[in-house]
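Chain by chain, the residues:
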Amino acid sequence: MAVENETALVLFSGGQDSATCLAWALDRFARVETIGFDYGQRHLVELSCRENFRAGLGRLRPGWAARLGEDHIVDLGVLGAMSQTALTREVEMAMGAEGLPNTFVPGRNLIFLTFAAALAYRRGLKHIVTGVCETDYSGYPDCRDDTIKALQVAINLGMERRFVLHTPLMWIDKAETFALAERLGGPRLVDLIVEETHTCYVGTRDTRHEWGYGCGQCPACELRAAGFARFRRR
Ligand code: ZN
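Since the structure is predicted, the reported quantities are computational estimates derived from the model, not experimental observations.

Q: Would you mind going over the overall build of the protein in detail, with residue names and values included?
A: Helix and strand counts for the protein come out as eight helices and seven strands. Here the protein holds 234 residues, and the buried ones make up 55% of them. In the protein, once contacts between residues fewer than 6 apart in sequence are set aside, the share between residues at least 24 apart is 69%.

Put into structure tokens, the structure is as follows:
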């Protein structure tokens, strides 16, 4: 695949989706930087997976190591302070009245992408990559394709730029996300994603399943486990 001679900024949380997006960007762009947000997640385990995964990608493909640039961590503690959700407080996960799980942090992706664009503006980058997906998401309205398209227009108008918001996972499910990783980096990339990424809402890493670490019970674990099983059956 031809590499565009441009730099991309990948929103990289340390979860399966953003990790796959990072490999996707390294396969496509001449240089790739990453941005992560610390907003007082109950469990910082996702953020601490990030360095291991970045290092693992570099070992997987020397060409990727050469393209992988700076990592930026942005402190968004104010977002956690404003949100009463199961991701940022010690509360049980449940479904809310609007049909949204209480893991929903209102406006989180809007805020993340706006901050990513502000960083991209400062660094002169055009491409912003995010792992949002409307196929088997938890109903988060800020993961929808229309939301991202509208935000791209708003950001470009508001910052007088021509940013492109890439969403390579928008129309694929978790099984197809594993398959995409296999196409990009072979079975070793799938192994790296299983071993070094984290999506569990509870943040536990003491149990290793064939699909990775996690409680095995929360919605994120259920999605990942079911996706991995379908991927293996292909
Ligand atoms: Zn879990």
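Let's pick the thread back up.
Q: Provide a residue-level description of the pattern of salt bridges, including the pertinent values.
A: Scanning the entire structure with this criterion turns up eight salt bridges. Asp-17 serves as the salt-bridge partner of Lys-174, at 2.9 Å between the closest nitrogen and oxygen. Here Lys-174, found in helix H7 (residues 174-196), pairs with Asp-17, found in helix H1 (residues 16-26); they are 157 residues apart in sequence, far enough to count as distant. Overall, the relative accessible area of 9% leaves Lys-174 in the buried class. For Asp-17, a relative accessible area of 19% puts it in the buried group. Of the charged contacts in the structure, one is a salt bridge between Lys-149 and Asp-145, with a shortest N-O distance of 2.6 Å. A residue pair is termed a helical-turn pair when its members lie 3 or 4 positions apart in one helix, as Lys-149 and Asp-145 do in helix H6 (residues 145-159) at four residues. Given the relative accessible area of 12%, Asp-145 is considered buried.

Q: Give me the lowdown on the coordination of the zinc ion, citing residues and values where you can.
A: For the zinc ion, the protein coordination sphere consists of Cys-200 (SG), Cys-215 (SG), Cys-218 (SG) and Cys-221 (SG), at 2.3 Å. One can describe the site at the zinc ion as tetrahedral: its four donor atoms subtend angles covering 104 to 117° at the metal. Along the chain, the residues donating to the zinc ion fall in the pattern C-x14-C-x2-C-x2-C. Its relative accessible area of 22% is what places Cys-215 among the partly exposed residues. A residue is classified by how much of its surface remains accessible, and Cys-221, at 1% relative accessible area, is buried.

Q: Describe the nonpolar core, and please don't skip the residues or the numbers.
A: Taken as a class, soluble globular proteins show a tendency for nonpolar side chains to be buried jointly. Judged by nonpolar contacts, the single largest core of 67 residues is most densely connected at Leu-22, Phe-53, Leu-57, Ile-128 and Leu-189. In terms of residue count, H7 provides more of this core than any other element does, 11 residues in total. When residues no more than four places from it in sequence are discounted, the contact partners of Leu-57 are Leu-22, Ala-23, Leu-26, Trp-64, Leu-189 and Leu-192.

Q: Describe the packing of H1 against H7, listing the residues and the values that go with them.
A: Remark: H1 packs on H7, axes separated minimally by 10 Å, with the N-to-C direction vectors making an angle of 70°. Taken together, the axes of H1 and H7 lie roughly perpendicular to each other. In the packing of H1 onto H7, the handedness of the crossing is left-handed. Residues Gln-16, Asp-17, Ala-19, Thr-20, Ala-23 and Trp-24 of H1 form the contact with H7, whose participating residues are Lys-174, Thr-177, Phe-178, Leu-180, Ala-181, Leu-184, Leu-189 and Ile-193. Residue composition of the contact of H1 with H7, grouped by class: nine nonpolar, three polar and two charged.

The rules behind each value
Residues numbered from 1 in each chain as written. Predicted model: local features only at pLDDT ≥ 70, side-chain atom pairs only at ≥ 80, totals over all residues. Heavy atoms only, no water. Helix = DSSP H or I, 4+ residues; strand = E, 2+ residues; numbered from the N terminus. Buried < 20%, exposed > 50% of the residue type's maximum accessible area, 1.4 Å probe, protein only. Contact = heavy atoms within 4.5 Å. Salt bridge = Lys/Arg side-chain N within 4 Å of Asp/Glu carboxyl O. Donors = N, O, S within 2.8 Å, 3.2 Å for Na, K, Ca; no water. Tetrahedral: all angles 85-135°; square planar, octahedral: opposite > 155°, others 65-115°. Core = buried A, V, L, I, M, F, W, Y, C linked by side-chain atoms within 4.5 Å. Axes fitted to C-alpha atoms, helices over the stretch in contact; angles between N-to-C directions. Parallel < 35°, antiparallel > 145°, perpendicular 65-115°, else oblique. Left-handed = near helix turned anticlockwise from the far one by under 90°. Nonpolar A, V, L, I, M, F, W, Y, C, P; charged D, E, K, R; others polar.

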